[in-house]
Amino acid sequence: MTRRYLGGTLPVPHRVTEDLGPADAPLEGVRDLRHSVQIRHVDAGSCNGCEIELANAFAPVYDAERYGVRLVASPRHADALVVSGPVTHNMAGPLARTYEAMPEPRRVVALGDCARDCGVFAGGYGVAGSVSDALPVDLVVPGCPPHPRDIVAALRRLSDR
Amino acid sequence: MSWLVASLVVGVVAVLAGATLGRARVPAVVALLWVEAALAAGAAGRVLASGHPLVGATTALIPFGGAVIDLTALGALVVLVTVVVTLAATLYWLGYAHHSMSSRSATSATALFVGAMLAVPAAGSTATFLLAWELMALGSLVLVAHDHARSPSARAAALWYAASTQGGAAAILLALVLLGAHAPSSTFAALSVAATHLSGATRALVFLLALAGFASKAGAVPLHVWLPRAHAEAPGPASALMSGAMVNLGIYGVALVGLRLLGGGPAWWWLVVVALGVVSALYGALYAATTTDLKRLLAYSTSDNMGLVLIALGLAGLAHAHHHPALAALALVSALTLLVNHALFKGLLFLTAGSVVDATGTRDLDRLGGLARATPVTAALFLVGAGAVMALPPLNGFIGEWLLFQSLAHAASAAPALVVAAVVAGVAALALTGGLSVVAFVKAAGIGLLGRARSPEAGAAREVSRPMRLGPGLLAALCVVVGVVPGVVLPTIERAGAGVVPGATPLRGGVGLTLAHLNGAIDPVLIASALAVALAIAVALVRGRAPRASRAAEPWGSGRLIQTPRMQYSATAFAEPLGRVFDDVLRPESDLEVTPARESRYYVERVRYATRADDVVERVAYRPLRAALTWWGERARALANGSVHRYLAYGLVTLVVVLVVLA
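Here the structure is a predicted model, which means the values were calculated and not measured.

A.B. asks: Looking at this structure, how should I read the overall build of chain A?
C.D. replies: Helix and strand counts for chain A come out as five helices and nine strands. Helices and strands appear in chain A in the N-to-C order β-β-β-α-β-β-β-α-β-α-β-α-β-α. In terms of its C-alpha atoms, chain A occupies a principal-axis envelope of roughly 55 × 40 × 25 Å. Burial statistics for chain A: of 161 residues in total, 45% are counted as buried. When contacts within chain A are restricted to residue pairs at least 6 apart in sequence, long-range pairs at least 24 apart make up 80% of them. Of the side-chain charges in chain A, 17 are positive and 19 negative, and the distance between the mean point of each set is 8 Å.

A.B. asks: How should I be thinking about the overall build of chain B in this particular structure?
C.D. replies: Secondary structure summary: chain B contains 25 helices and seven strands in total. Expected size for 663 residues packed as a compact globule is a radius of gyration near 26 Å; at 26 Å, chain B falls within 12% of this value. Per-residue burial for chain B yields a buried fraction of 51% across its 663 residues. A sequence separation of at least 24 residues applies to 78% of the contacts in chain B between residues at least 6 apart. Put simply, chain B has 43 plus and 28 minus side-chain charges, and the middle of one group is 4 Å from the middle of the other.

A.B. asks: Looking at this structure, how should I read the nonpolar core?
C.D. replies: Looking at soluble globular proteins, one finds that nonpolar side chains tend to be buried together. Ranked by size, the top nonpolar core spans 204 residues in total, and within it Phe129, Trp133, Met136, Met242, Leu313, Leu318 and Phe441 of chain B carry the most contacts. Element by element, the count of residues in this core is highest for helix α13 (residues 325-360) of chain B, at 20 residues. Beyond its immediate chain neighbours, meaning those up to four positions away, Phe129 of chain B contacts Val120, Ala123, Ile172, Leu176, Phe188, Phe214, Tyr252 and Leu256 of chain B. Listed in part, the 25 residues of the second largest apolar core include Tyr62, Tyr67, Val69 and Val141 of chain A.

A.B. asks: Would you mind going over the sheet that holds strand β3 (residues 37-43) of chain A with me for this structure?
C.D. replies: Picture the strands of a sheet paired through backbone hydrogen bonds; they go either parallel or antiparallel. Residue and element names in this part refer to chain A. What the five strands build is an open sheet, ordered β4-β3-β5-β7-β9; its pairing is parallel. In the strand order of this sheet, the two ends are held by β4 (69-71) and β9 (139-141), each with one partner. Each neighbouring strand pair of the sheet contributes to a mean axis angle of 30°, computed without reference to strand direction. Where strand β7 (residues 107-111) meets β9, three bridges bridge the pair, whose relative direction is parallel. For Ala110, the partnering residue across the bridge sits in β9 and is Val140. Packed on one face of the sheet, helix α5 (residues 148-159) meets β3, β4, β5 (80-84), β7 and β9 and runs near 165° to β9.

A.B. asks: Any chance you could explain the packing of helix α15 (residues 376-389) of chain B against helix α19 (residues 466-484) of chain B here in plain terms?
C.D. replies: To characterise two packed helices, one gives the angle between the axes of the helices and the distance between these axes. Residue and element names in this part refer to chain B. It is the contact of α15 with α19, at a shortest axis distance of 10 Å, that shows an interaxial angle of 35°. Relative to α19, the crossing made by α15 is left-handed. Contact residues: α15 offers Val377, Leu381, Val384 and Ala388, while α19 offers Arg469, Pro472, Gly473, Ala476, Cys479 and Val480.

A.B. asks: Where do I start with the pairing of strand β2 (residues 67-71) of chain B in this structure?
C.D. replies: Here is the key point about a regular strand: its side chains alternate between the two faces of the sheet. Residues and elements named next belong to chain B. Counting buried positions along β2 gives five out of five residues, so the element sits mostly inside the fold. Residues Ala67, Ile69 and Leu71 line one face of β2 and the alternating positions Val68 and Asp70 line the opposite face, and both faces are buried. Of the pairings in the sheet, the one linking strand β1 (residues 54-58) to β2 comprises five bridges and is antiparallel in character. In the strand pairing of β2, Thr58 is matched with Ala67.

A.B. asks: Which parts of the structure should I look at to understand the packing of aromatic side chains?
C.D. replies: Two aromatic rings are characterised by how far apart their centres lie and by the angle between their planes. Residues and elements named next belong to chain B. Here the structure, examined in full by the defined rule, presents 13 aromatic pairs over all chains. Ring geometry for Tyr283 versus Tyr287: centroids 4.8 Å apart, planes at 40°, classification tilted. Of this pair, Tyr283 and Tyr287 both sit in helix α11 (residues 267-290), four residues apart, roughly one helical turn. The class of Tyr283 is buried, set by a relative accessible area of 9%.

A.B. asks: Please explain the packing of helix α17 (residues 417-449) of chain B against helix α22 (residues 571-581) of chain B as it appears in this structure.
C.D. replies: All names here are of chain B. Look at α17 against α22: their axes get within 10 Å of each other, and the N-to-C directions meet at 165°. Judged by the inter-axis angle, α17 sits roughly antiparallel to α22. As α17 runs across α22, the sense of the crossing is right-handed. Across the interface between the two elements, Leu436, Val439, Val442, Lys443 and Ile447 of α17 pack against Ala571, Phe574, Ala575 and Leu578 of α22. Among the residues forming the contact of α17 with α22, the class breakdown is eight nonpolar, no polar and one charged.

A.B. asks: Help me understand the environment of Glu576 of chain B in this model?
C.D. replies: By secondary structure assignment, the location of Glu576 of chain B is in helix α22. Distance in space between the C-alpha atoms of Glu576 of chain B and Val539 of chain B is 34 Å, their sequence separation being 37 residues.

A.B. asks: Please explain the side chain of Thr360 of chain B as it appears in this structure.
C.D. replies: Residue and element names in this part refer to chain B. Inspection of the secondary structure puts Thr360 in helix α13. The buried category is assigned to Thr360, whose relative accessible area is 6%. Within the structure, Thr360 has its side chain in polar contact with the backbone nitrogen of Thr362 (distance 3.3 Å). Those residues within four positions of Thr360 in sequence are excluded, and the remaining contacts are Leu368, Leu371, Glu457, Ala458 and Ala461.

A.B. asks: How should I be thinking about unusual backbone geometry in this particular structure?
C.D. replies: Peptide bonds are mostly trans, and most non-glycine residues show a negative phi. Residue Pro105 of chain A follows Glu104 of chain A across a cis peptide bond; omega there is 0°. Position of Pro105 of chain A relative to the elements: it lies in the loop between α2 (89-101) and β7. In this model, Asn48 of chain A sits at a positive phi of 85°, which is unusual for a non-glycine residue. Along the chain, the position of Asn48 of chain A falls in the loop between β3 and α1 (49-58). Asn48 of chain A gets classed as partly exposed once you look at its relative accessible area, which sits at 39%. Phi is positive for Ala391 of chain B, close to 60°, though the residue is something other than glycine. Here Ala391 of chain B shows up in the loop between α15 and α16 (396-413). Take Ala391 of chain B: its relative accessible area is 14%, and that puts it in the buried class.

Calculation notes
Residues numbered from 1 in each chain as written. Chains lettered and ligands numbered in written order. Predicted model: local features only at pLDDT ≥ 70, side-chain atom pairs only at ≥ 80, totals over all residues. Heavy atoms only, no water. Helix = DSSP H or I, 4+ residues; strand = E, 2+ residues; numbered from the N terminus. Buried < 20%, exposed > 50% of the residue type's maximum accessible area, 1.4 Å probe, protein only. Contact = heavy atoms within 4.5 Å. Lys, Arg positive; Asp, Glu negative; His and termini not counted. Charge placed at Lys NZ, Arg CZ, Asp CG, Glu CD. Rg over C-alpha atoms; globule rule 2.2 N^0.38 Å. Core = buried A, V, L, I, M, F, W, Y, C linked by side-chain atoms within 4.5 Å. Pairing = 2+ DSSP bridges. Axes fitted to C-alpha atoms, helices over the stretch in contact; angles between N-to-C directions. Left-handed = near helix turned anticlockwise from the far one by under 90°. Phe/Tyr/Trp six-rings, centres within 6.5 Å; stacked < 30°, edge-to-face > 60°. Parallel < 35°, antiparallel > 145°, perpendicular 65-115°, else oblique. Nonpolar A, V, L, I, M, F, W, Y, C, P; charged D, E, K, R; others polar. Polar contact = N/O pair within 3.5 Å; in protein donor to acceptor, adjacent residues only side chain to side chain.

Shown next, in the form of structure tokens:
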């Protein structure tokens, strides 16, 4: 399909949103979130690979919002905390404060291999540890970086949609 | 009579005791002042009860006609108000004097100040009145200059005050002398008779001179410039006495000269008074809303409230000139009610502000905060005063403003076009100042008392001593009582007003207030009960809901590690939008100074921003005047070069000129 544009033509694609199939089994006890999950994301020392994929997970193709998951700008509004990267010394404090600022009940998602076990940064001089060393982690999304499809699948286990 | 004389004698003893006694001088003087106040209150009570003025004279004591006492019902009311404020302020002083204001000069000056304030309304002749008036100025001046050794701003305030009060006294002296030029004696009774024979122009000149002198004492704009400085610099008890009691005497003076001595006069005089009141109310409220200095805020609010009193007084004069006795009486009662209420809540506010300054060492709202927790009693008392000044029921400020609204509303239906214009201006001013004073006091209470301490000094604040809570506590209790049961003071106020303007007030007292023949009624008890019930329901609704689990966490600052209390909402920020709206009036001066880093001008090392909104009347009118006076003084130096021959020549020339003129 083409349309006229400034005297020429440009291709206009059909909608490209992926069909992601049925959801995995929900995480235990997420009924209290009532199928609506607000997410605060903290980059605790990531290389930004996970950030790009997280952005893609919320972009039109994978569109996590259709499953009741939304990014918010303050931990005060958040149900779940998504942490990417190994926890560096400089970000350990702000991460703890962010978690402290969240209302209960709250969930923590470790996004990517670095968040899970420090990945390639393990043993680095600036690294304090993995996310599970700092916070109680409820859900891990492996991958370096994880595919947006996997990110959406993990978040759907929180929203149960 | 004997009670009043005894009161004055005790006053003299108190002044001497303050100047001579050792360490026990403050308690001794306070005890003497209480006796003095009680005696004066007794005399005033008898005048109000009987309705007959207290008159007496002696040829001794004062030159030019001797000392004359003539305490009318209006004067008696002013004496009673002064007595109440004095009781609270001196009680407070007992605690305050442990740190400050306990020197011989300050103790003696306080006694002098109080004694003179009790004597001014009792004075019955020009010489007596001016003597008392000047002693009052002297006593308060010493108190304003109390911190002169430490604070340059106190020295400046004292100079401003001295110049203003002397200018005002000169105007009053001129007015009374003009009035008495052809009178057989200078007693007020003789003056009021002589006034009927004066030409209209002379009478107008007398009135305008007296108005200028007295309005400056009451803090009316544009003669108010001394007031925010002096009331802010005076120590706590002194500023409460000045703002609670002394400004009333300015209003008393206008009523004395305008209504009693000159017997009313044409309508335009009173239009001038209303205009002065409107300008003062708006200007005072605007500056109170934008300033960040707690005591300056209170002082500007005094200008605002005295403006409302002047509106009511002007309306009384207008109604009198247009022969509406009922309206004149109602307006006068509303003026006096506003005056009494202002004395109670402004005395309370200045005393609690004194406690705040005492506990924290600062008057800057941007450096206060957290006092509701640190000094709960003082904070609660301040809140009562703030509620009263905002005219919230069930506090006393509401009653006065309701009466003023009623007088204005009824004046609109009963008077010619010119008066209606004044009424419209009065209503508009009342509405706008009401809003502005809410802004001012929400700022004072919200920034000053709530939140976290914005400076280490405020963080170290501790509750003040017991006398310093009892003094303002007395006034706070009166604010509530008068607000709920205005019947306790209104009959007295009516009686005081009845002596000035003939005519029965349409007020019907008791528990509720009803205006006979006029459409207006109010029941403060009912309002108070309704508020109490509404509050109880609200509390029950909140308590009745299922409790939610909660957890204390620090305020969210985007993960920032260093969060300081200075990042809270500040008084400057609170007033900023209003300052922007009234930019053309306030004309703030702001100053932005950017220092670039040495390596590159694109990087900033330091930014300094300062903004100040000095009093615009002071900037526009008084600075050029001061510059001109300084210039004149510098020029006049050339006349005095130290040569004795020259000085003798001056003396000779002066003598010759005087002889030629007199011959």
